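# Close look at the chain arrangement
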Amino acid sequence: DTEKNNRSKVLNDRLTQDGFLDIHTFNYNTYAEDNATFTLSHKSVNVNGTSRDLIAVVIRGTNMDEWKGNMNVTGYSYNSLAEHYSFRNGANQIIDKLSRYLVTYDRFLDNPMVLITGHSRGAAIGNLLAVDLTQGAVSGIDSNSVYAYLFAVPNATTDYDTSYTNIYNFCFTD
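All of the points below concern the structure found in this document. Everything numeric in this text was worked out from a predicted model, so none of it was measured.

## Considering helix α4 (residues 121-134)
- The terminal C-alpha atoms of α4, which comprises 14 residues, lie 20 Å apart, in line with the 20 Å expected from a rise of 1.5 Å per residue.
- Extensive coverage of α4 is indicated by the burial of 13 of its 14 residues.
- In the stretch just after α4, G136 is the one whose phi turns positive, near 90°.

In structure tokens:
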């Protein structure tokens, strides 16, 4: 448990040092195959001389039993290959918590921008999340204010839509 708490503490300390507020972590102490382990926080930033609110969504990569979820592509019904079942469940968890976060801190958040980042499993979940937010899945988030920078991204869907200019996937070869 100490190691688990230290991992979220390191991230929380970094976000605090960078001026982020109202830091909430989810699922760092829960290991389930369909989990999304992530952190939400926000801060005010200057964009072209105008103050804007920025919500950071930081999604952890695979850990423990989440490996089982990485292999669960179709779910238990085996009826669809359109989206990765476990990654979709993770994105849905974040949408739910992000919606609640916006309600809780709405007095602080005016026309927020959303920055999503993740690695590996977190990147796949982040990809689906970024598309959902860009398509208006969460009230209060402008589709033109969603940005995703994702690293070592596994496939999350069979719909390879490259028209999203706000989603950046970085995959490197060694």
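Structure shown, so let's carry the discussion forward.
## Examining the layout of surface pockets
- In this structure, the largest pocket occupies an estimated 480 Å³ of space.
- Lining of the largest pocket is provided by 20 residues; of these, N127, V131, T157, D159 and D161 occupy positions nearest its centre.
- Within the residue set of the lining of the largest pocket, elements represented by two or more residues are α4 and β6 (167-170).
- Tallying contributions element by element places α4 first for the lining of the largest pocket, with 4 residues.

## Quick look at the nonpolar core
- The biggest cluster of nonpolar side chains holds 34 residues, and the ones touching the most others in it are V57, I59, I94, I116, L129, L133 and I141.
- Contributing elements (two or more residues each) for this core: β2 (38-47), β3 (50-59), α3 (85-104), β4 (113-119), α4 and β5 (146-151).
- If you look at the next biggest cluster of nonpolar residues, it comprises 8 residues, including F20, Y28, V58 and M113.

Criteria and thresholds
- Residues numbered from 1 in each chain as written.
- Predicted model: local features only at pLDDT ≥ 70, side-chain atom pairs only at ≥ 80, totals over all residues.
- Heavy atoms only, no water.
- Helix = DSSP H or I, 4+ residues; strand = E, 2+ residues; numbered from the N terminus.
- Expected span 1.5 Å × (residues − 1).
- Buried < 20%, exposed > 50% of the residue type's maximum accessible area, 1.4 Å probe, protein only.
- 1 Å grid on protein atoms, 1.4 Å probe; cavity = no way out; pocket = protein on both sides within 12 Å on 5 of 7 lines; lining within 4 Å.
- Points joined across faces, edges and corners; volume = space filled by probe spheres on them.
- Core = buried A, V, L, I, M, F, W, Y, C linked by side-chain atoms within 4.5 Å.

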